[in-house]
Each structure stands twice: as C-alpha cells, then as structure tokens.
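# Examination of the molecular architecture
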Amino acid sequence: MPIGWITMLGIYIICWWTVLFAVLPLGTSQQRHEPPTDGAQWGAPDKPDLKRKFITTTWVAVLVWLLVMVLVYIGWMPLPDLTPPTA
C-alpha cells in the first residue's frame, strides 16, 4: 500500500516530536546546591545544550521513522484507508 509524501511527513513530525520529549531530559542534573539568584527556576538546567539535543532528536527520529515506514510497507502496521468511497 503506497502512502503519500504528506502522510510520510506527518508521521516523521510525530516521531520527531515524540523523540524530542524523550531526549530533552538527557544530560540534565538535578544537583543544585544554592538557590538561583538570576531569576531562573529551580528545575531549569544550567546548560540546556538544545542544539545538540535537536540534532540527536533529528537522527533518532529518522531511525524511528524508517522503522515505522518498514512496518507499514510490509503490512505489520497497516494504515487505514481514509479515502471516501466512489459512487
């Protein structure tokens, strides 16, 4: 069952967003001995390193997306046919 590029892009965006929430807490430390004085929140990391996390999210999401596409094309995870019936 071939699927369109818009559907593939939508699946990739969902994979990327899901992987982002899995990657964001990596590398953060809860060790903060003194209260923040610059108006930061207690739970905010000192160095969030978002560029590295976005790059990691992108390549991990590509791997997850490829796995999903393989499962769709071999039929283990079929997508519903949402086209309206023709009269």
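See the structure shown above.
This report concerns the structure included in the present document. Within any chain, residue numbers begin from 1 and follow the written order of that chain's sequence. Selection of residues for local features in this predicted model requires a pLDDT of at least 70, selection of side-chain atom pairs for listing and counting requires 80 or more, and totals for whole chains, interfaces and linings are taken over all residues. Side-chain numbers come from the whole structure's heavy atoms, not from hydrogens or water.

## A look at the nonpolar core
As a rule of thumb, soluble globular proteins bury nonpolar side chains together. For the purposes of this section, nonpolar cores are sets of buried Ala, Val, Leu, Ile, Met, Phe, Trp, Tyr and Cys residues that join through side-chain atoms within 4.5 Å. Three labels apply to residues, based on accessible area from a 1.4 Å probe with only protein chains included: buried if under 20% of the type maximum, exposed if over 50%, partly exposed otherwise in between. Ranked by size, the top nonpolar core spans 7 residues in total: Ile3, Ile11, Cys15, Trp65, Val68, Met69 and Val72. At the level of elements, α1 (5-23) and α2 (50-74) are the ones that each hand at least two residues to this core. Residues are treated as being in contact if the distance between any of their heavy atoms lies within 4.5 Å. With near-sequence residues (within four places) excluded, isoleucine 11 lies in contact with Trp65, Val68, Met69 and Leu79. Counting residues in hydrophobic clusters, the runner-up holds 5 residues, among them Trp16, Leu20, Val23 and Ala61. Note on conventions: DSSP H or I runs of at least 4 residues are helices, E runs of at least 2 residues are strands, and numbering of each starts at the N terminus.

## Examining the side chain of lysine 53
The topology assignment puts lysine 53 in helix α2. Positive charge is attributed to Lys and Arg, negative charge to Asp and Glu, and no charge count is given to His or to the chain ends. Salt bridge, as applied in this entry: a Lys or Arg side-chain nitrogen positioned within 4 Å of an Asp or Glu carboxyl oxygen. Nearest to the buried, unbridged lysine 53 among oppositely charged side chains is aspartate 49, at 7.2 Å. A 3.5 Å cut-off defines polar contacts: any pair of N or O atoms within that distance qualifies, except that in protein one atom must be a possible hydrogen donor and the other a possible acceptor, and neighbouring residues in sequence count only when both atoms are side-chain atoms. A distance of 3.1 Å separates a polar atom in the side chain of lysine 53 from the backbone oxygen of leucine 26. Contact partners of lysine 53, with chain neighbours within four places excluded, come to Val23, Leu24, Leu26, Thr28 and Pro48.

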